[in-house]
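Next come the chains, spelled out residue by residue.
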Amino acid sequence: MPHTTNPADAPPSSGLLLDERIGSLIDTRAQAHPDRELFVFDDRRVTYGEFARWTNAIATSLVDNGIGYGDRVLVQLPNCLEALALQVAAFRIGAINVPVIPIYREHETSQIIADARPAAIAVAHTLGSRSPHVEVDGILADTGHQPKLKLLVGGAAPGWSEVPGPDSPIASTLPEPLPPEEPALILYTSGTTSAPKGALLTSRALIAHLRNFAAAFSLDESAVLLAATPLSHLGGFVAGLIFPSYLGARSVIMGGWNADRAVDLIESERVSLMMGATVFLQELIDRYEQGLGAQHRLDDYVCAGATIPSRLIRAADAVGVTATRSYGMTETAGICTAADESDPLDRRAEWDGRLLDGMEIEAVDEFRQPIPEGQIGELRIRGPQMFSGYTDPVATAAQIDDEGWFYPGDVGQVSDRWVRMTGRSKDIVNRGGEKFSTQDIEAALLSHPDIAQAAVTAVPDERFGESVGAWISLHDGAEWAGADVYLAHLDSLRLARAKLPVEWHVVDSIPTTASGKVQKFRLASSDDIASEHSARLKG
């Protein structure tokens, strides 16, 4: 049955069905506080007024190049000022912002371009050893799609334009931002399918999340946020720009994560809040335990996006940081549960927060019927922060029912509005908050002529929470020559490097059901499948 109910519309009595537009946020704050600092980035301090002027100059250029209402602007950049300005400029003129994480290479980027069909594309000239503009030109030639505008940051190339600077001309009038109920943002998440899925988020959903977040942590314009995750990722964009703008506050943005630098910035800039993956918190705690940051330490850290050990929450408390586990995802516009310092440490350490205002989460049985509180079942979500659906209607219908419930594939329990995720029914690897389809990696492995069977699972990773583990059986006559052979093959297919397995197991055969489905729960037990030819190897 087709999906007929928008999950962001339920429950209607939440009080969070808002009329603010994300595209008006920067201009509104700049008019009220033009000289107030918005962010500091690599020692460059930018006020609300300066940033608003620059984003309007870029918006003018987009309009001059034929970019308008509902057009999609794809931004695939590392952490830089242009990554922020381009996204806000797209919002400003009623275009749709499509940020793409820079670790994606041709394999993933080609799928996203084919789905989004962007009218404008912005990439970096060089990224490490890569040339993203060359990659994108190859993709465009293969797909036959030609955007109206291609923008290049950090260099020049034929057919590519540079991003307008802060002093570029500004039109006297610009188109209105998209209405609050229309999708303004498309975020691609791999989830459990081979190709990335585009999640559609409206201004209404984004603003509901910002309002809920501010209320949950009692934040106002005095807050100082540290952003260290990619600015083309929802978490980085929210922490670095959107949330501080909503509060009228300021942020400190890092070009890339460095724990020692972060300790110094937190101390010198008097940072009060940070949100991000488990690894960042662990490395901050390590340095605080060494006595660093004695003059000022982080007040609050919101963990989300990866496995969060309870011991880490307790260790943070011991060094004076209130750390909380939260549950959320792209489809909920960020976190939809939270806790604060008034909650008992045991509760913060063992549970993933309580539901934010207007949000509903239920645990259900295999027939999608609610089960008693405290029992473990499949989780379903709805409320004002919810996305509108995916760009693929088939994917939308598969995960959103007629009552507006979204089924993310997580398993957990709910008790007195507190939520705890205990596992996943979907087969993905969550590496530091980035979710990868195991099916995608398995298909790539099976394209190597030596490999007869392949199964990919999440394996524990001290730094990222989870990484990729590969289980393979080889064709008769093929011999294991080391992981480098297969890593080179995966690299040649241009998979994101984060998808490359770090743990390898070679076995005679991979356990399956009678119908041929891989029994991944048996892969963890070497006794169950071991043979004289199997080996546990690190790649």
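It should be noted that the structure appears before, not after, this text.
Residues numbered from 1 in each chain as written. Predicted model: local features only at pLDDT ≥ 70, side-chain atom pairs only at ≥ 80, totals over all residues. Heavy atoms only, no water.

(A) Quick look at the overall build of the protein. Check the secondary structure of the protein and you find 15 helices and 29 strands. Each of the three principal axes of the protein carries a C-alpha extent, and together these read 75 × 60 × 55 Å. Put simply, the protein has 539 residues, and 57% of those count as buried. Intrachain contacts of the protein at a sequence separation of at least 6 include 70% that bridge at least 24 residues. Taken as two groups, the 45 positive and 72 negative side-chain charges of the protein have centres that lie 1 Å from each other. (Helix = DSSP H or I, 4+ residues; strand = E, 2+ residues; numbered from the N terminus. Buried < 20%, exposed > 50% of the residue type's maximum accessible area, 1.4 Å probe, protein only. Contact = heavy atoms within 4.5 Å. Lys, Arg positive; Asp, Glu negative; His and termini not counted. Charge placed at Lys NZ, Arg CZ, Asp CG, Glu CD.)

(B) Fine view of the pairing of strand β14 (residues 322–325). Neither face of β14 is open: one carries T322 and T324, the other A323 and R325, and all of them are buried. Alignment of strand β13 (residues 300–303) against β14, held across four bridges, turns out to be parallel. Counterpart to D300 in the pairing with β14 is T322. (Pairing = 2+ DSSP bridges.)

(C) Up close: the sheet that holds β13. Strand order in this open sheet of seven strands is β2-β1-β11-β10-β12-β13-β14, and the pairing throughout is mixed. With partners counted over all chains shown, the strands left at the sheet margins are β2 (44–47) and β14, one partner each. Each strand axis lies, on average, 20 degrees off the axis of its neighbour in the sheet, ignoring direction. Sheet strands touched by helix α2 (residues 48–64): β1 (37–41) and β2. Its angle to β2, the strand with the most contacts, is close to 80 degrees. (Axes fitted to C-alpha atoms, helices over the stretch in contact; angles between N-to-C directions.)

(D) A look at the pattern of salt bridges. A full pass over the atoms with the stated rule returns 26 salt bridges. For R45, the salt bridge is made with E37, and the minimal N-O distance between the two is 3.0 Å. Among the ionic contacts, a cluster of salt bridges with common partners joins E37, R45, R250 and E269. (Salt bridge = Lys/Arg side-chain N within 4 Å of Asp/Glu carboxyl O.)

(E) Structural view of the nonpolar core. In terms of nonpolar packing, the biggest core is built from 117 residues, with I22, F39, F51, L241, F243, L247 and I361 touching the most fellow members. Setting aside residues up to four positions removed in sequence, F39 forms contacts with R44, R45, V46, F51, L81, L84, L241, S251 and I253. (Core = buried A, V, L, I, M, F, W, Y, C linked by side-chain atoms within 4.5 Å.)

(F) Main features of the environment of L231. One can find L231 in the loop between β10 (224–227) and α7 (234–247). A residue is classified by how much of its surface remains accessible, and L231, at 0% relative accessible area, is buried. Between the alpha carbons of L231 and G255 there is a distance of 9.2 Å; along the sequence they are 24 residues apart.

(G) Layout of the side chain of N56. As for its position among the elements, N56 is in helix α2. What makes N56 buried here is its relative accessible area of 12%. Look past the residues within four positions of N56 in its chain and what remains in contact with it is D27, R92, I170 and L174.

(H) How the structure looks around the state of the cysteines. Taken as a whole and judged by the stated rule, the model has zero disulfides. Distance from the sulfur of C336, which forms no disulfide, to the nearest cysteine sulfur (C303) is 16 Å. Taking the relative accessible area as the measure of exposure, C336 reaches 0% and is therefore buried. (Disulfide = S-S within 2.5 Å.)

(I) Fine view of the packing of helix α1 (residues 25–32) against α7. Contact geometry of α1 with α7 gives a least axis separation of 10 Å together with a crossing angle of 45 degrees. It follows that α1 is oblique to α7 by the angle criterion. Handedness of the crossing formed by α1 with α7: left-handed. Note on element contacts: α7 touches α1 through L241, I242, S245 and Y246, opposite L25, I26 and R29. Considered class by class, the residues forming the contact of α1 with α7 number five nonpolar, one polar and one charged. (Parallel < 35°, antiparallel > 145°, perpendicular 65-115°, else oblique. Left-handed = near helix turned anticlockwise from the far one by under 90°. Nonpolar A, V, L, I, M, F, W, Y, C, P; charged D, E, K, R; others polar.)

These figures capture arrangement, not role.
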